[in-house]
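Here is how the chains run, residue by residue.
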Amino acid sequence: MSKTLYDKIWDDHLVHEDNDGTALLYVDRHLVHEVTSPQAFEGLRIQGRKVRKPKLTLAVPDHNVPTTDRSKGISDKQSKIQVDTLRNNCKEFGINLFDVNDKRQGIVHIIGPEQGFTQPGTVIVCGDSHTATHGAFGSLAFGIGTSEVEHVLATQTLIQKKSKNFRVNVNGSLPAGVTSKDVILKIIGTIGTAGGTGYVIEFAGEVIRNLSVEQRMTICNMTIEAGARAGLISPDNKTIEYFKDRPMSPKGENWTKAVAHWKKLFSDSDAKFDKEVNIDAKDIEPLVTWGTSPQDVSPITGEVPDPEKEKDKDRRTAMYRSLEYMGLKPKMKISDIKVDKIFIGSCTNGRIEDLRLAAKLLKGKKIASDVSAMVVPGSGLVKKQAEEEGIDKVFKNAGFEWREPGCSMCLGMNEDQLSSKERCASTSNRNFEGRQGRGGRTHLVSPGMAVAAAIKGYLADVREIN
Amino acid sequence: MEKFVKLKSIPAHIPLMNIDTDMIIPKQFLKTIKRTGLGKSLFYEMRYDESGKLINKFILNNDPYSKSKILLAGKNFGCGSSREHAPWALLDFGIRCVISPSFADIFYNNCFNNGILPIIIDEKSIQELSEYSERKEEIEVDLNEQVILYGNKKLTFDIEPAKKKRLLEGLDNIGLSLKKIPNIEKFENSMNKTKPWI
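Residues numbered from 1 in each chain as written. Chains lettered and ligands numbered in written order. Predicted model: local features only at pLDDT ≥ 70, side-chain atom pairs only at ≥ 80, totals over all residues. Heavy atoms only, no water.

1. Notes on the overall build of chain A
- Broken down by element type, chain A carries 16 helices and 19 strands.
- Seen through its principal axes, chain A has C-alpha atoms that stretch 55 × 55 × 45 Å.
- Buried positions account for 66% of the 466 residues belonging to chain A.
- Taking contacts inside chain A between residues at least 6 apart in sequence as the whole, the part at least 24 apart equals 76%.
- Carbon together with sulfur atoms contributes 48% to the accessible area of chain A, which is approximately 16300 Å² in total.
- Computing the positive centroid from 66 side-chain charges and the negative centroid from 61, chain A places the two 2 Å apart. (Helix = DSSP H or I, 4+ residues; strand = E, 2+ residues; numbered from the N terminus. Buried < 20%, exposed > 50% of the residue type's maximum accessible area, 1.4 Å probe, protein only. Contact = heavy atoms within 4.5 Å. Areas by Shrake-Rupley, 256 points an atom, 1.4 Å probe, with all protein chains shown as cover. Lys, Arg positive; Asp, Glu negative; His and termini not counted. Charge placed at Lys NZ, Arg CZ, Asp CG, Glu CD.)

Written as C-alpha cells, this is what we have:
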C-alpha cells in the first residue's frame, strides 16, 4: 500500500497499538531545556523512576539565559534556579548537557541539527512547540507538555493518536525579496492558525525543493502556528550533505546504512493525503503581520485591513481587539507603521544563513536614529561562524547590538523585552498579546524585512534596499 | 491525578477565539520549578493592570465566576506554546473543564495529563451555554454519560474512549506504559539491528 512520509515514519516507530488506535510511539531523540523540564525530573524522583535511555536525550538552557555578558552568571534569581536545576538534573540522571558557557550552547532547535543529534526519519520531541523545526530534515518532530517529557524520560516512548495527512505544495519560483519566512506566513495566512489542527503537514513542490535546509527549517518551525502536530519535508541530497561529518552524525559503516535509510524517506507518488493545498510562489510578496495572530498577514505594499469588511462575527471581534492592542487604524498603509525596535534571532530565523542575508543587505548602512536593534545568534557556533565572516562587524557598524545566543526577545523570558506600546519588527514566530513583553507590539517579518525596517525606521519593503 | 467524573458549576464565558497559552499564563510565571501556585497568575494580563491591581471588568475577577470550575471559550483554545503551565494554572485556579468549539493539539493532550476535561461542542451550543454564564446558573458535566446538562436540556459530546477512561479513573500514563516494557525492549532490540546508528 502506498504511504506518505508521515505514514512511513509512524509505522517505523510503532511499539504498540491498542484496538482504538492509541499508539505507543518510540522516541529516538529527546531535547530538553530548563523551563519545561524541572517538574518532569521531579516527577521521576518522586516515583523513584530512572531515565530509560539517557543517551537519547540532549539538554541545553536557552529560554532564560541572558544574552549580555555571562561571565558574572545569571543575575535573575528564578532564572538561575531553573538553569541550576537543569544542570543538577542532568548530572543526577546522566544526561548530556551543553551548559551556559559551552561554546555549543544555543537554542535547542538550532543546536539539535547543528550537532547531528537531529537526524532524518527519527521521532524527535521536546517540551517546546517549535520542535516542529526538525521536520525540515524529514524527522517527525513535535512539541509536548511536561508530563509527556516525564513519560519520554521514563519510557523513551510517547502515547499518541495518529494525525491525518495534509500536503501543502508551493509551486513555481520565489520572486525577488521573498524568503521562506514569507512562504510560511503566506501558508498560515491562507489556511489559518487552526488550519492544520489534527494534521501533520508535508511541505512539497518546487519552491521547497529549491530551498536550503536552513530555509526549510524556518518553514517547519512555524507549522505549529498553523496548528499542525508537525511539519515535514522529505530529505534529499542537500539534507544528506548537511549531516556529513556533524559531531553526532552516524560515522563509517553506520553512515552508509543511515543514508540508505534516509533515501527511502519520501511520500509514495500515489500516496493519499486527507487534505491538499496549492500555493503559487508568484502570489507571495514580502509579508508582515499586522495583528496578534500569525495568520494576520499583509503584503508590505498593502494596508491594515478593515474589520467592518469581515463577515464572521467572532473574527471581526478578534480583529478589533488586535488593532486596538497594536495601536493601528483600519486602512492605514503598512509602510506608514513606525517601529521602535528590531529583533533578529530565534529558532525561526537565528541561523547563519539568516545572519548572512541580513548582513548583506545592511552592509555600509546605518539603522534609523530613533530605532534600537539587536541580533541574537541562534547558537554559540552560529555566533562564532558569523564573527569569522565579519558579520558581527557589519551589524555593529550599522548600530545593531551583537548578543550572546538564546531565545531572547522571541518570548522575553530574560531581560530582552518590549515595553508597553513599543513596536518591534521581529524575525520570531509569535505576535501574541504580551509575547515580547506586556503591551509590546510585534510585527513578524523575515530577516531581510527586519533590516529594511531597521534602516527606514518604518515597516519597509526589502526590495527597496539596495 | 485526580479523577474526573461529574462537575457542577456556573460557567465563566470568555468569548474570544484563539486564546493562546501566553494569554493563559504569561512567560514570567514559567520560571517556577513547581506545578502548583499558578492559579493567581491565570490570565494575568487580562486580570491585573500594570500596577498589579485587579481589573474589575474581567469575568474571573467577579463572583460567582471567581469560583467557576467550567470555562466556556471561543475556538482554537490553547494555541501556541506547549507550556503545561497553562493547564496547571487553570487547575490551580479551580477550573477542571474547558468547553470550546476547538482546541489546539498540545494543550488538548496536556489537559488529560492533569485531570482537566476539554469538551468540543459547536459554536451554537457554546452560545446557548453562555446564557447560563450570564444568568449565573449552574450547568453539569457528566463524563461517564458524555453529556452536559443545563436547565431541562442536555447535549452530548464526543471523547476518545482511552482518554475518557484515564480521566474517570485518574490513571497514571507512565505507570501504564511501563507495563509495556517488554514491547519497548523488543522494539529496541530490533532497532539496534536495523538502525544501529540511532
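2. Describing helix H16 (residues 447–456) of chain A
Residue and element names in this part refer to chain A.
- Burial analysis of H16 places 9 of its 10 residues in the buried class, which makes it a mostly covered element.
- Among all positions in H16, only Pro447, Gly448, Met449, Ala450, Val451, Ala452, Ala453, Ala454 and Ile455 are buried.
- The inward-facing, buried residues of H16 contact strand E13 (287–289), strand E15 (341–344), helix H12 (346–349), helix H13 (352–362), strand E17 (400–402) and strand E18 (423–426).
- Downstream of H16 by a residue or two, Gly457 has a phi angle that is positive, lying close to 80 degrees.

3. Digging into the packing of aromatic side chains
- The final tally for this structure, using the stated rule, is 20 aromatic pairs over all chains.
- When the centroid spacing of 5.3 Å and the interplanar angle of 70 degrees are considered together, the rings of Phe77(B) and Phe107(B) count as edge-to-face. One end of the pair, Phe77(B), is in the loop between strand E3 (70–73) and helix H3 (85–93); the other, Phe107(B), is in helix H4 (residues 105–112), with 30 residues separating them in the sequence.
- Judged by relative accessible area, which is 2%, Phe107(B) ranks as buried.
- Three or more aromatic residues joined by ring pairs make a cluster, and in this case those are Phe137(A), Tyr242(A), Phe243(A), Trp255(A) and Trp262(A).
- The aromatic ring of Phe266(A) is capped on one face by Lys8(A), whose charged end is 4.1 Å from the ring centroid.
- The cationic tip of Lys163(B) hangs over the ring face of Phe112(B); the distance from NZ or CZ to the ring centre is 5.6 Å. (Phe/Tyr/Trp six-rings, centres within 6.5 Å; stacked < 30°, edge-to-face > 60°. Lys NZ or Arg CZ within 6 Å of the ring centre and 35° of its normal.)

4. Section: the pairing of E15(A)
Residues and elements named next belong to chain A.
- What you see with E15 is no split at all: Lys341 and Phe343 on one side and Ile342 and Ile344 on the other are buried throughout.
- Both E15 and strand E16 (residues 372–375) contribute to a ladder of 4 bridges, which runs parallel. Residue pairing for E16: Phe343 is matched across the bridge by Met374.
- Across 3 bridges, the pairing between E15 and E18 is parallel. What sits directly across from Lys341, in E18, is Cys424. (Pairing = 2+ DSSP bridges.)

5. Section: unusual backbone geometry
All names here are of chain B.
- Residue Pro64 is reached from Asp63 by a cis peptide bond, and omega for that bond is 0 degrees.
- Structurally, Pro64 can be placed in the loop between helix H2 (44–47) and E3.
- Positioned with a positive phi, Asn18 is a non-glycine residue whose angle comes to about 55 degrees.
- Summarising the element assignment, Asn18 is placed in the loop between strand E2 (12–14) and helix H1 (21–24).

6. Observations concerning the sheet that holds strand E5 (residues 96–97) of chain A
All names here are of chain A.
- Spatially, the 5 strands line up as an open sheet ordered E5-E4-E3-E6-E7, and their pairing is parallel. Looking along the sheet, the strands with just one partner apiece sit at the ends: E5 and strand E7 (140–143).
- Direction of pairing for strand E3 (residues 29–32) relative to strand E6 (residues 123–126): parallel, over a ladder of 3 bridges. Bridging from a neighbouring strand, His30 pairs with Val125 of E6.

7. A word on helix H10 (residues 252–262) of chain A
Residues and elements named next belong to chain A.
- Residues of H10 that are buried include every one of Trp255, Ala258, Val259, His261 and Trp262, and no others. All buried residues of H10 lie within an arc of 155 degrees about the axis, which places them on one face of the element. In H10, those exposed residues whose orientation departs by more than 90 degrees from the buried face are Glu253 and Thr256.
- Structurally, H10 contributes buried residues whose contacts are with helix H1 (5–12) and helix H9 (237–243). (Arc of directions from axis to C-beta.)

8. Some points on the side chain of Asp62(A)
- By the element assignment, Asp62(A) lies in the loop between strand E4 (57–59) and helix H3 (77–93).
- Of the side chains with opposite charge, Arg70(A) comes closest to the buried, unpaired Asp62(A), at an N-O distance of 9.6 Å. (Salt bridge = Lys/Arg side-chain N within 4 Å of Asp/Glu carboxyl O.)

9. Concerning the interface of chain A and chain B
- Tallying the contact residues gives 78 residues for chain A and 56 residues for chain B.
- The three residues of chain A that bury the most area against chain B are Gln39(A), Arg52(A) and Arg438(A), which together make up 13% of that side's buried surface.
- Seen at the junction of chain A and chain B, the total is 9 salt bridges.
- Between Arg229(A) and Asp105(B) there is a salt bridge, and its shortest N-O distance comes to 2.4 Å.
- Taken together, chain A and chain B are joined by 30 residue pairs in polar contact (both at pLDDT 80 or more).
- Listing elements by their share of the side of chain A that touches chain B, those giving two or more residues are strand E1 (14–17), strand E2 (23–26), helix H2 (38–47), H3, helix H5 (146–155), strand E8 (157–160), H10 and helix H11 (313–326) of chain A.
- Per-element accounting of the side of chain A that touches chain B gives the leading share, 7 residues, to H5(A).
- Looking at side-chain class alone, the side of chain A that touches chain B contains 21 nonpolar, 35 polar and 22 charged residues. (Buried area = accessible area lost by both parts, 1.4 Å probe. Polar contact = N/O pair within 3.5 Å; in protein donor to acceptor, adjacent residues only side chain to side chain. Nonpolar A, V, L, I, M, F, W, Y, C, P; charged D, E, K, R; others polar.)

10. Overview of the packing of H2(A) against H5(A)
All names here are of chain A.
- Where H2 contacts H5, the two axes come as close as 8 Å, and the packing angle between them is 50 degrees. Relative to H5, the element H2 is oriented oblique. For the element pair H2 and H5, the recorded crossing hand is right-handed. On H5, the residues that touch Gln39, Ala40, Phe41, Gly43 and Leu44 of H2 are Thr146, Val149, Glu150, Leu153 and Ala154.
- Tallied by class, residues from the contact of H2 with H5 come to 6 nonpolar, 3 polar and 1 charged. (Axes fitted to C-alpha atoms, helices over the stretch in contact; angles between N-to-C directions. Parallel < 35°, antiparallel > 145°, perpendicular 65-115°, else oblique. Left-handed = near helix turned anticlockwise from the far one by under 90°.)

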